[in-house]
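# An overview of the molecular structure
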Amino acid sequence: MDIQQSGKLGIIGGGVMGEALLKRLLAQGIYLPEQVVVSDLDQERGQLLAKRYGVKVTADNVEIATTVETLLLAVKPQVFEVVAASLSSPQKPGYPLIISILAGIPLKKLEAAFADQPVIRAMPNTPATIGAGMTAIAAGRWVKPEHLKQSQAIFGAVGEVVEVPESLMDAVTGLSGSGPGYIAIAIEALSDGGVAAGLPRAIAAKLALQTVLGTAQLLQETGMHPAELKDRVTSPGGTTIAGITALEESSFRAALINAVRTASQRSKELGA
Ligand SMILES: NC(=O)c1ccc[n+]([C@@H]2O[C@H](COP(=O)([O-])OP(=O)(O)OC[C@H]3O[C@@H](n4cnc5c(N)ncnc54)[C@H](OP(=O)(O)O)[C@@H]3O)[C@@H](O)[C@H]2O)c1
């Protein structure tokens, strides 16, 4: 989505994720530098962002909250209470739209801190930092269709976006949130397998990475079901079916299913 936004955007917390969003929102022309104001506790960090992107930087969170149309919270969850307390009451009812990417902070808590304001809880993942993210968004009770459209435009700048009811956020965390960790291990293990089969490490690492990337791209671009791709690459009595048999004997599918379920459960426990 490349609709240029008319209002101003405030970003509280110009760290890894705040900068990733800022960079792509500007690069895609969704916001112009003069429409964005960033607040970061670390003054040096703020100056760096101002220099790098030409945006306004302030240490005054109240100034941001009262002048922007959309306010993105991108601080660590541990400082949520402090940041929420530092924000004044809104400029007019329903403004600004609050978008939180703070892991584990539920809508209930966000809505208690920002009474009567539209609030969206978002869960991006680490590949968002290079524009290949997967973000799930859940809407609070005052959210209108235009707010959803706005947050879809914002997270669309760093990858794909889906909307889910908040009750599914723990499942999202267990799959796309924690998933980069699982896939990183899979890539490392494939590379180890290559070394075990006699490949030099650098070549094995390259083959493993490109195989995962290429397979994901092939499935995405063709829309092919993963089972169909698996069927296509398994010739009778061949090498791939021999490898798949070994994977099934090692409960590969069950391991991944359990990983997602266990991480989702852990997310639920942490949020309780
Ligand atoms: N990185 C990811 O892949 C990822 C994925 C999903 C969700 N998230 C969520 O995104 C949020 C940010 O993560 P991150 O990795 O970008 O963290 P980060 O790099 O530590 O960025 C947070 C920034 O906020 C600043 N800050 C702290 N208190 C502030 C305040 N009162 N006012 C203004 N700025 C303040 C911090 O400054 P100081 O360093 O001086 O404290 C820091 O620059 C987290 O809530 C996390 O759960 C991140």
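Anyway, here's the lowdown on the structure attached to this text. Counting from 1, residues in each chain are numbered in the order their sequence is written. Since the coordinates come from a predicted model, pLDDT governs what is reported: local features require at least 70, and pairs of side-chain atoms require 80 or more to be given and counted, while whole-chain, interface and lining totals use all residues. Excluded from the side-chain calculation are hydrogens and water; included are all heavy atoms of the structure.

## Remarks on the overall build of the protein
The following threshold applies: Secondary structure elements are taken from DSSP: a helix is a run of H or I of four residues or more, a strand is a run of E of two residues or more, and numbering for both begins at the N terminus. The cut-offs for exposure are 20% and 50% of the maximum accessible area for each residue type, with area from a 1.4 Å probe on protein chains only; residues under the lower value are buried, those over the upper are exposed, and the others partly exposed. Note on areas: Shrake-Rupley, 1.4 Å probe, and residue coverage restricted to the protein chains presented here. Within this scheme the basic residues Lys and Arg register as positive and the acidic residues Asp and Glu register as negative, but His and the chain ends are omitted. By convention, charge coordinates are those of NZ in Lys, CZ in Arg, CG in Asp, or CD in Glu.
Along its length, the protein carries twelve helices and eight strands. Each principal axis of the C-alpha distribution contributes one length, and for the protein these read about 70 × 40 × 30 Å. Looking at the 272 residues of the protein, the share that counts as buried comes to 38%. Carbon and sulfur atoms provide 60% of the accessible area of the protein, an area that totals close to 15,000 Å². Mean positive and mean negative side-chain charge positions of the protein (23 and 25 charges, respectively) differ by 1 Å.

## Brief notes about the layout of surface pockets
Spelled out, the test is: Here the term cavity refers to a set of points on a 1 Å grid, laid over the protein atoms alone, in which a 1.4 Å probe fits but cannot get out; the term pocket refers to an open set having protein on both sides within 12 Å along at least five of seven lines, with lining residues being those that place an atom within 4 Å of a point. Grid points are joined across faces, edges and corners, and a volume is the space filled by probe spheres set on the points. Where a domain begins and ends is set by an automatic assignment or by a domain database.
Quantified by volume, the second largest pocket comes out at close to 1,200 Å³. Taken together, 48 residues line the second largest pocket, and the ones lying closest to its centre are Val75, Pro77, Ile101, Leu102 and Ala103. Sorting the residues of the lining of the second largest pocket by element identifies α1 (16-27), α4 (80-86), β6 (119-123), α7 (169-177) and α12 (252-271) as the ones contributing at least two each. Among the elements that line the lining of the second largest pocket, the one with the most residues is α12, at six residues. Structurally, the lining of the second largest pocket is a two-domain feature, drawing no fewer than three residues from each of domain 1 (9-169) and domain 2 (177-271).

## Thoughts on the nonpolar core
Cut-off, in case you're wondering: As used in this record, nonpolar core signifies buried Ala, Val, Leu, Ile, Met, Phe, Trp, Tyr and Cys residues forming a set joined through side-chain atoms within 4.5 Å. Should any heavy atoms of two residues lie within 4.5 Å, those residues are considered in contact.
By size, the foremost hydrophobic cluster in this structure holds 29 residues, and its most contacted members are Val36 and Phe155. Every element with two or more residues in this core is listed here: β1 (9-12), α1, β2 (36-39), α2 (43-53), β5 (97-100), β6 and α6 (145-156). Sorting elements by how many residues they give to this core places α1 first, with five residues. Every residue in contact with phenylalanine 155, bar those within four places of it in the chain, is listed here: Leu21, Leu72, Ile99, Ile101, Ala122, Thr135, Ile137 and Val161. Within the second largest apolar cluster, 25 residues are counted, among which are Ile64, Val75, Ala84 and Met123.

## Things to note about the pattern of salt bridges
Rule in force here: Salt bridge, as used here, is a side-chain nitrogen of Lys or Arg placed within 4 Å of a carboxyl oxygen of Asp or Glu.
Applying the stated criterion to the full structure yields eleven salt bridges. Taking the shortest distance from any N to any O, the salt bridge between lysine 109 and glutamate 81 comes out at 3.5 Å. In this pair, lysine 109 sits in helix α5 (residues 107-113) while glutamate 81 sits in helix α4, placing the two residues 28 residues apart along the sequence. Accessibility expressed as a relative area gives 35% for lysine 109, which makes it partly exposed. With its nearest N and O atoms 3.0 Å apart, the salt bridge here joins glutamate 269 to arginine 266. Of this pair, glutamate 269 and arginine 266 both sit in helix α12, separated by three residues, roughly a single helical turn. Exposure remark for glutamate 269: the relative accessible area of 44% places this residue in the partly exposed category. Taking the relative accessible area as the measure of exposure, arginine 266 reaches 45% and is therefore partly exposed. Three or more residues joined by partner-sharing salt bridges are found here, namely Glu19, Arg45 and Arg52.

## Remarks on the side chain of serine 39
Stated formally: Whenever a nitrogen or oxygen atom comes within 3.5 Å of another N or O atom, the pair is scored as a polar contact, on the condition that within protein one atom can donate a hydrogen and the other can accept it, and that pairs from neighbouring residues in sequence are kept only if both atoms are in side chains.
One can find serine 39 in strand β2. For serine 39, a relative accessible area of 5% gives the class buried. A distance of 2.4 Å separates polar atoms of two side chains, one belonging to serine 39 and the other to asparagine 61.

## Comments concerning the packing of helix α8 (residues 179-196) against helix α9 (residues 201-222)
Put simply, the rule is: Throughout, an axis means a line fitted to C-alpha atoms (over the contacting stretch in the case of helices), and angles, computed between N-to-C directions, take values from 0 to 180 degrees. Angle categories: roughly parallel below 35 degrees, roughly antiparallel above 145, roughly perpendicular from 65 to 115, and oblique for all the rest. By the definition used in this description, the sense in which the near helix is turned from the far one sets the handedness, with an anticlockwise turn below a right angle giving left-handed and a clockwise turn giving right-handed. Charged residues are taken to be Asp, Glu, Lys and Arg, nonpolar residues to be Ala, Val, Leu, Ile, Met, Phe, Trp, Tyr, Cys and Pro, and polar residues to be all remaining types, Gly included.
One can describe the packing of α8 onto α9 by two numbers: an axis separation of 8 Å at closest approach and a directional angle of 135°. The orientation of α8 with respect to α9, classified from their angle, is oblique. Here the hand of the crossing between α8 and α9 comes out right-handed. In this structure, α8 uses Ile183, Ile187, Glu188, Leu190, Ser191, Asp192, Gly194 and Val195 to contact α9, whose residues at the interface are Arg201, Ala204, Ala205, Ala208, Leu209 and Val212. Looking at side-chain class alone, the contact of α8 with α9 contains nine nonpolar, two polar and three charged residues.

## Describing the pairing of strand β4 (residues 70-73)
So the rule is basically this: Strand pairing is defined by DSSP finding a minimum of two bridges between the two strands.
Side-chain alternation along β4 places Thr70 and Leu72 on one buried face and Leu71 and Leu73 on a second face that is also buried. Sheet topology note: the β4/β5 ladder contains four bridges and is parallel. Each residue of the ladder has a partner; that of threonine 70, found in β5, is leucine 97.

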